[in-house]
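# Overview (structure and organization)
Spelled out from the first residue to the last, the chains are:
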Amino acid sequence: MNKNKLGAAAFLSIVAAVLALVDIFLYRTVMYTYTPVYYMLGGVIVLALLGCVLAKVAPRIANYVPIGMVFLLASAIVWGSMLMVNQIAYVISGLDGVDTIVTYIFFAGFTFAAVVISLIASFMKTGVTVEG
């Protein structure tokens, strides 16, 4: 009988989901926030958990989960940056201090790290079939 086990991509997806959870708490402290970003980051967490469940039931379908995670994380960076453009310009021009965008920089950094991890996971197998 064949059994399905979690592959490397499932574990990388969990790491990206933990980073998304950290991003939710970091984004709360950003100066200007956009509510759909929270839903995008929450969707990443749900997709990672769904991918781990699907890896045991339907490993071929689970291989598409990290691709959706990359999409949601990249969207979170773009939409989260939309309202911060003017504030970044104020910091560059010297009108405001860097301390006004530090939490945004951490948010963008953690989100970008999660994008890279999910992108790497999208090239690996989420579920592995083991005979035995």
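This text follows the structure it describes.
## Description of helix H6 (residues 102-121)
Compared with an ideal rise of 1.5 Å per residue, which puts 20 residues at 28 Å, H6 spans 29 Å between its outermost C-alpha atoms and is within 8% of the ideal. On the buried face of H6, the contacting elements are helix H1 (8-27), helix H2 (36-57), helix H4 (65-82) and helix H5 (85-93).

## Focus on the packing of H1 against H6
In a packed pair of helices, the relevant descriptors are the angle between the two axes and the axis-to-axis distance. Between H1 and H6, the least distance of the axes is 9 Å, while the angle of their chain directions is 165 degrees. Between H1 and H6, the interaxial angle falls into the category roughly antiparallel. The element H1 and its partner H6 pack so that their crossing is left-handed. Between H1, through Ala9, Leu12, Ser13, Val15, Ala16, Leu19, Val22, Asp23, Leu26 and Tyr27, and H6, the contact on the second element is made entirely by Phe106, Phe107, Phe110, Thr111, Ala113, Ala114, Ile117, Ser118, Ile120 and Ala121. When the residues that make up the contact of H1 with H6 are grouped by side-chain class, the tally is 16 nonpolar, three polar and one charged.

## Some points on the packing of aromatic side chains
Enumeration according to the criterion identifies four aromatic pairs in this entry. Put simply, the rings of Tyr27, Tyr38, Tyr104 and Phe107 pair up and form one aromatic cluster.

## Topic: the nonpolar core
Among the nonpolar cores identified, the biggest contains 27 residues, and Val30, Val37, Leu41, Val44, Met69, Leu73 and Phe107 are the most heavily contacted of them. If you tally residues by element for this core, the top one is H1, at seven residues.

The rules behind these values
- Sequence order as written defines the numbering, with residues in each chain counted from 1.
- With pLDDT at 70 or above as the cut-off, local features in this predicted model cover only qualifying residues; side-chain atom pairs require 80 or more to be listed or tallied, and sums for whole chains, interfaces and linings still use all residues.
- Side-chain measures here rest on the full set of heavy atoms in the structure, leaving out hydrogens and waters.
- The secondary structure listing takes helices from DSSP runs of H or I that are at least 4 residues long and strands from runs of E that are at least 2 residues long, numbered from the N terminus.
- The span one expects for a helix is its residue count, reduced by one, times 1.5 Å.
- Residue contacts are counted whenever heavy atoms from the two residues lie within 4.5 Å of one another.
- Under this scheme, a helix contributes an axis fitted over its contacting stretch, all axes are lines through C-alpha atoms, and angles between N-to-C directions fall in the 0 to 180 degree range.
- Throughout this description, any angle smaller than 35 degrees is read as roughly parallel, any larger than 145 degrees as roughly antiparallel, any in the 65 to 115 degree range as roughly perpendicular, and the remainder as oblique.
- Each crossing is labelled by how the near helix is turned from the far one, with a counterclockwise turn of less than a right angle marking it left-handed and a clockwise turn marking it right-handed.
- By the convention adopted, Pro, Cys, Tyr, Trp, Phe, Met, Ile, Leu, Val and Ala count as nonpolar, Lys, Arg, Asp and Glu as charged, and the other residues, Gly among them, as polar.
- Classification of ring pairs rests on two measures: the distance between centres of Phe, Tyr or Trp rings, Trp counted by its six-membered ring, which must be within 6.5 Å, and the angle between planes, read as stacked under 30 degrees, edge-to-face over 60 and tilted in between.
- What makes a nonpolar core is a set of buried Ala, Val, Leu, Ile, Met, Phe, Trp, Tyr and Cys residues whose side-chain atoms join them at distances within 4.5 Å.
- Exposure is judged per residue with a 1.4 Å probe applied to protein chains only, and the accessible area is read against the type maximum: over 50% gives exposed, under 20% gives buried, and values in between give partly exposed.

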